[in-house]
Amino acid sequence: QTVAKLAQIENIVGIKDSSGNFDNILRYIEETPDDFCVISGNDSLILWTLMAGGTGGISGISNIFPEIMASIYDLWKKGDFVAA
């Protein structure tokens, strides 16, 4: 409910959730406008977040494997969910 209220404020454009609780991410996506960015801060949930309607992720492991982490988004964008 708090995020839904914050999403109504013009200069708040998104939220990053690092809790590892996918239910939180789903609720944020469901309760905010389509143009509100929902980003996963948990590497293992980035693809799931994208598939649920989120915007992407901020990855810690991308410092070590940038190509692999970037490929998740690129493959998802192409519709190749299995490879992603």
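Shown above is the structure to which this text applies.
Residues numbered from 1 in each chain as written. Predicted model: local features only at pLDDT ≥ 70, side-chain atom pairs only at ≥ 80, totals over all residues. Heavy atoms only, no water.

1. Observations regarding the nonpolar core
- If you look at the biggest cluster of nonpolar residues, it comprises eight residues: V3, A7, I25, Y28, I29, F36, V38 and L45.
- Sorting elements by how many residues they give to this core places helix α2 (residues 22–31) first, with three residues.
- In this structure, L45 is in contact with G20, N21, F22, I25 and S40, ignoring residues within four places of it in sequence. (Core = buried A, V, L, I, M, F, W, Y, C linked by side-chain atoms within 4.5 Å. Buried < 20%, exposed > 50% of the residue type's maximum accessible area, 1.4 Å probe, protein only. Helix = DSSP H or I, 4+ residues; strand = E, 2+ residues; numbered from the N terminus. Contact = heavy atoms within 4.5 Å.)

2. Things to note about the environment of L26
- For L26, the location among the structural elements is in helix α2.
- You can call L26 partly exposed: its relative accessible area is 27%.

3. What to know about the environment of N63
- Within the element layout of this structure, N63 appears in the loop between β3 (56–57) and α4 (66–78).
- A polar atom in the side chain of N63 sits 3.1 Å from the backbone oxygen of G60. (Polar contact = N/O pair within 3.5 Å; in protein donor to acceptor, adjacent residues only side chain to side chain.)

4. Structural notes on α2
- Residues of α2 that are buried include every one of I25, Y28 and I29, and no others. Down the axis of α2, the sector holding all buried residues measures 95°, keeping them to one side. Seen from the buried face of α2, the exposed residues on the opposite side, beyond 90 degrees, are D23 and E30.
- Contacts from the buried residues of α2 go to α1 (2–6), β1 (14–17), β2 (37–40) and α3 (46–52).
- Residue N21 occupies the N-cap position of α2, its side-chain oxygen lying 2.9 Å from the main-chain nitrogen of D23. (Arc of directions from axis to C-beta.)

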